[in-house]
Amino acid sequence: MRVLGFAAALLLSCGVVGEAHATELSPGCRTRGQPINESGFINIGGIKQWVTVEGHDCANPVVLIVHGGPGNPNTPFAHALFGEWAKDFTVVQWDQRGSGKTYGANKPAEDEALTLQRLTADGVEMARYATHRFGKRKVIIMGGSWGSALAVNIAMAEPDLFSAYVGTAQLVNYQLDMAASYAKTLGLARAAGDTESIGKLEGLGAPPWTNPRAFGILRRITRKYEALATDAPPKGWFTFGPGYDTPAYETDYTAGEDYSFLNFVGLAGDGMGPKIDLRRLGTAFAMPVYMLQGEADLVTPPEVSKAYFDDLTAPKKVFLPLARTGHDPNQTMIDAQLAALEQVRGEAMAKDRP
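Basis of the calculations
Residues numbered from 1 in each chain as written. Predicted model: local features only at pLDDT ≥ 70, side-chain atom pairs only at ≥ 80, totals over all residues. Heavy atoms only, no water. Phe/Tyr/Trp six-rings, centres within 6.5 Å; stacked < 30°, edge-to-face > 60°. Lys NZ or Arg CZ within 6 Å of the ring centre and 35° of its normal. Axes fitted to C-alpha atoms, helices over the stretch in contact; angles between N-to-C directions. Helix = DSSP H or I, 4+ residues; strand = E, 2+ residues; numbered from the N terminus. Contact = heavy atoms within 4.5 Å. Nonpolar A, V, L, I, M, F, W, Y, C, P; charged D, E, K, R; others polar. Expected span 1.5 Å × (residues − 1). Bend = angle between axes of the 7 residues up to and from the residue. Pairing = 2+ DSSP bridges. Salt bridge = Lys/Arg side-chain N within 4 Å of Asp/Glu carboxyl O. Buried < 20%, exposed > 50% of the residue type's maximum accessible area, 1.4 Å probe, protein only.

(A) Broad picture of the packing of aromatic side chains. Across all of its chains, the model carries 19 aromatic pairs by this definition. Every member of this aromatic cluster is reached through a ring pair, and the members are F77, W237, F238, F240, Y244, Y249 and Y253. The ring of Y244 carries K101 above its face, with NZ or CZ at 5.3 Å from the centroid. A cation over a ring is seen here: K306 above F319, with NZ or CZ 5.7 Å from the ring centre.

Take a look at the structure:
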């Protein structure tokens, strides 16, 4: 992860976290107003998992970001996307089991299953670690795409750990999301006279699918049509940063992505994804809920997310459509996420007080 760019930050904070002192208060929290830049492995769920932290002041609320994919950690480009957030928040991320550096340090056997239950338990443990490490009672949890479904599972499992939930490109019910995605994308292809895409989609047939390649085929076509209706992200956002720009890391990243995605879809439509239905967890949130949804999102279509949002009860809830935005991050999405976090910042800080 890229650091803030001045030596004092590294000297006054603990530059590397490790198992031996994983739950000690961060050195950056022992003196008011000191920055925190940490990266390293900690023991989560019985294995070493990669964690990065960036913040200007430990007094700020902690935001725990749950990455998407599964298998697509943000850590290689975290500073490019979220570096500005560090002024008002301590941004904590980790490479989930089966992803990125965590995958590289714990290469699973080919038949070792990745489960939503295990990842949820890891996320709860990660949140608890963050409260201890940075002296907080609660943290804000934020997730997008796959990370939004996992984040809701984590928040529902231990609601007392979280002061707010911010979700983007909310995955609600895999079967409903895929059915809506397929129908909308096929409709766009037909309207455009796109015979190649029509042939591929009609060849798949409407979901549910047992072909593990089906989701990927649809996803490539959704990207094509989202690109026509959205603003692209800035160049360089998704370039691997220092420490990640090595052949070894790129190999681990790709292998983890493949492993995680196969466990998501399943060899016969029986992976983690097809079983996702957030309503089974209940619809009562103990924390404020902010849901941000790209109007041009063809993977988790807004109508599915909005119907779920309307069913929720929470101390406060806000649904924000994002113009010229699809499923993947762009500047509009990142700005809206930060604006949502700023709205909950004061309350989050109040909840951290004894």
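(B) Structural context of the packing of helix α6 (residues 174-191) against helix α10 (residues 302-311). Running from N to C, α6 and α10 point in directions that differ by 145°, and their axes come no closer than 9 Å. Residues L176, D177, A180 and K184 of α6 form the contact with α10, whose own contacting residues are P302, E303 and V304. When the residues that make up the contact of α6 with α10 are grouped by side-chain class, the tally is four nonpolar, no polar and three charged.

(C) Focus on helix α11 (residues 331-352). In this model α11 runs 30 Å from its N-terminal to its C-terminal C-alpha over 22 residues, within 8% of the 32 Å that 1.5 Å per residue would give. Along α11, the sharpest kink reaches roughly 45°, centred on R345.

(D) A look at the sheet that holds strand β3 (residues 62-66). Here we have eight strands laid out as an open sheet, ordered β1-β2-β4-β3-β5-β6-β7-β8, and mixed in their pairing. A single partner strand is all that each edge strand has here, and the edge strands are β1 (36-44) and β8 (317-322). Strand-to-strand twist of the sheet, defined as the mean angle between neighbouring strand axes without regard to direction, takes the value 20°. Alignment of β1 against strand β2 (residues 47-55), held across nine bridges, turns out to be antiparallel.

(E) Molecular detail of the pattern of salt bridges. Within the structure shown, the criterion is met by 18 salt bridges. Between D122 and R118 there is a salt bridge; the shortest N-O distance is 3.0 Å. With D122 and R118 both in helix α4 (residues 116-134) and four residues apart, this pair spans about one turn of that helix. We classify D122 as buried; its relative accessible area is 0%. Classification of R118 as partly exposed rests on a relative accessible area of 32%. Among the salt bridges present, the one from D352 reaches K136, with a minimum N-O distance of 3.9 Å. Remark: K136 occurs in the loop between α4 and β5 (139-144) and D352 occurs in helix α11; sequence separation between them is 216 residues. Pair check on accessibility: D352 and K136 agree, each one buried. Via salt bridges that share partners, R97, R118 and D122 belong to a single interconnected network.

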